[in-house]
Amino acid sequence: MKKFARKLGVLNDVIAKGVMAMGMTIIAFSVLALTGGAVTRYVTGLGFDWIMDLPPVLMPWLVFMLAGVLLRSNAHITVDFMPRYLSDTGKKYLSLFVHGVVLVMAIVFLIAGIDAVILFRELGQVIELEFDLPYWYVYLSFPVGFGILALFAIELLLIDLMALRPSGKMKKAVSPE
Amino acid sequence: MTVVAIAASMLLLFMAVPIFLVFGAGSAGAAILDLGLPWSTLIQVSYAAVTKPVLIAIPLFIFSGLAMLRGGIASRLVHMTTTMVGHWPGGLAIGMVLAMGFFAAFCGSILAAITAVGTIMMPKMIEQGYPAPFVIVLAASAALLEALIPPSNAAIVFSALTSVPVSKTFAAGIFPGLVLMVFLMVLAVWRCRHIRMATKATRQEVWKSVLAALPGLVTPVIIFGGIYGGLLTPSETAAVSGVWAVFVGFVIHRELTFEGLLSTFRQTAIATTVIFSIIAMAMFLSVILTYTRTPQEIISYFTEFGVTPMMFWLMLAVICLILGTFIEIVPLFYLTVPIFAAIALSFDIDILHLFVVFTAFAGIGMITPPVCVGVYTAAGVVNVSPEKAFREVPAFVVMGIVYGALMVMVPAVSTWLPKNLF
């Protein structure tokens, strides 16, 4: 289990770096696209609508992809009410439960997302920007994002299980910083 | 089944499952098992929420705020306010409120403001003899200012939910934000009247600090001039202010490094994901509300029992205070605004008045334990246990309730400016 957890950790490190780079690129593109769009509108009298329409459409590729990375770094908003009243062992069991719940949900959303992407691909609907962008290109971020979330949840579950062993120690979560 | 889903969601919420998944699991469970809706509908709605053009302003304002923090704009702003009022009784506390107010007008991120202003001011205040718990809660109460003074993320989310133009929601928050600053300053002076800095800054020092802060002070001109001059959309304004902050940080102050810029992008991506993941999943709930006609049923229930607008405000205040204690302001908006907005309209209440009152009461919840991110963040800045700060919370809660009641009684504070501006 230790070996598998280590290998999965290495894979997840690579994924985390990749999706973080993608998220940062989307933010940088959004800042430049909207500023550039506004400036060119005033300078040339023409706006590049498609550039300005693109940032909102890219948001799902930022949000769903990074959801797993944030789970790993414990950056999501949670109501940490119960952990305050638990012993260290209780906290470990709670962490195991939470990551188990996250894994189940991630798998459910992954399957639902795949079904939805297949459906929308068959329907052939497009987002009408200056160019036609198939909806499923955007919807694809849902199953991919929840697939990544599932991978991170498995890694955290393994860490929780190892921490529950008699001599186990909880590995500190990796910060996206 | 809906009741079971709600109960299970509450349980998961208190067991520290991430809020976005609690929303997703509870709402999707009820929608699919009870209403028989297909996944594709839920996913469609979720995407429609995340890709709303108005919401792109949120990451861009967060980026702008973080770039100002790293580029030295925030530190110069804090220096300016402390130079101006530091020698007054409770002067540094007043300076912090003013700096928070200024910073609120630059960016929409609560935690960025606490970090930006708090990191510089809080250690200085504690060193000067201000009680650490008071300083922490005062910094955390910036949550209220940030939510009201434009450009605020809360206003953008409210606009996305109610289809009110962002420019109007921004305008609605200006006077209530200024009134709140006065409330906070009065409380600060009353609590710390015996503390003041020994030396008063000379007129030359004051001017020097103003000149140093000047590039940063251009930002509100870009934001408000851009939006209300009809030159830019709120999203463009956010992007332009971000580029301006980067320019000032790199070229004028020369404090922003390439690594700092990359870190700003990284932190923006993280903060955006935290907010947008909740928005994406919370929209499942709105589907249930629409299909079950819950808002309409509540309205007819209210009409049947002769509920008056004042009783509605009272209920709203209590619900916001209780829920705000456990849930952050963005999920709280998604959880309750669709219902509150429908009821407010049935009472002929201005929707912008609702925004201000709702934010005022929900904001109080953000400084009340057990869930008070603002207090935890501020306490982390000065390495003090948050529990120690809790004893200062009641005074701020009382002030917040008086402030909220004032906002209920005087709707013109919220509605006068948007009505006269447009």
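It should be noted that the structure appears before, not after, this text.
Residues numbered from 1 in each chain as written. Chains lettered and ligands numbered in written order. Predicted model: local features only at pLDDT ≥ 70, side-chain atom pairs only at ≥ 80, totals over all residues. Heavy atoms only, no water.

A.B. asks: Mind showing me how you'd approach the packing of helix 10 (residues 153-162) of chain B against helix 11 (residues 166-191) of chain B here?
C.D. replies: When two helices pack together, their arrangement is captured by the angle between the axes and the distance separating the axes. Residue and element names in this part refer to chain B. Remark: helix 10 packs on helix 11, axes separated minimally by 9 Å, with the N-to-C direction vectors making an angle of 135°. When the interaxial angle is binned, helix 10 and helix 11 end up oblique. Seen along the crossing, helix 10 lies across helix 11 with a hand that is right-handed. Residues A155, I156, F158 and S159 of helix 10 form the contact with helix 11, whose own contacting residues are V166, T169 and F170. Grouping the constituent residues of the contact of helix 10 with helix 11 by class yields 5 nonpolar, 2 polar and no charged. (Axes fitted to C-alpha atoms, helices over the stretch in contact; angles between N-to-C directions. Helix = DSSP H or I, 4+ residues; strand = E, 2+ residues; numbered from the N terminus. Parallel < 35°, antiparallel > 145°, perpendicular 65-115°, else oblique. Left-handed = near helix turned anticlockwise from the far one by under 90°. Contact = heavy atoms within 4.5 Å. Nonpolar A, V, L, I, M, F, W, Y, C, P; charged D, E, K, R; others polar.)

A.B. asks: I would appreciate a short explanation of the pattern of salt bridges in the present structure.
C.D. replies: When the charged atoms of two side chains lie near each other, side chains of opposite charge can form a pair. Counted by the stated rule, this structure contains 5 salt bridges over all chains. Close ionic contact of A:R72 with A:D13 constitutes a salt bridge, the shortest N to O distance being 2.9 Å. A residue pair is termed long-range when its members are at least 10 positions apart, and A:R72 in helix 2 (residues 49-72) and A:D13 in helix 1 (residues 2-44) qualify at 59 residues. Here A:R41 makes a salt bridge to B:E236, at a shortest N to O gap of 2.7 Å. Of the two residues, A:R41 is situated in helix 1 and B:E236 in helix 13 (residues 234-252); the pairing between them involves two chains. Among the charged side chains, a network of salt bridges with common partners joins A:D13, A:R72 and A:E155. (Salt bridge = Lys/Arg side-chain N within 4 Å of Asp/Glu carboxyl O.)

A.B. asks: Help me understand the packing of helix 10 of chain B against helix 18 (residues 351-365) of chain B, please; the structure alone is not making it clear to me.
C.D. replies: Residue and element names in this part refer to chain B. Viewed as axis vectors pointing N to C, helix 10 and helix 18 meet at an angle of 140°, and their least axial separation amounts to 11 Å. Taken together, helix 10 and helix 18 sit at an angle that is classed as oblique. Crossing angle aside, the handedness with which helix 10 passes helix 18 is right-handed. Residues A154, A155, F158 and T162 of helix 10 form the contact with helix 18, whose own contacting residues are I351, L354 and F355. Class assignment for the residues of the contact of helix 10 with helix 18 results in 6 nonpolar, 1 polar and no charged.

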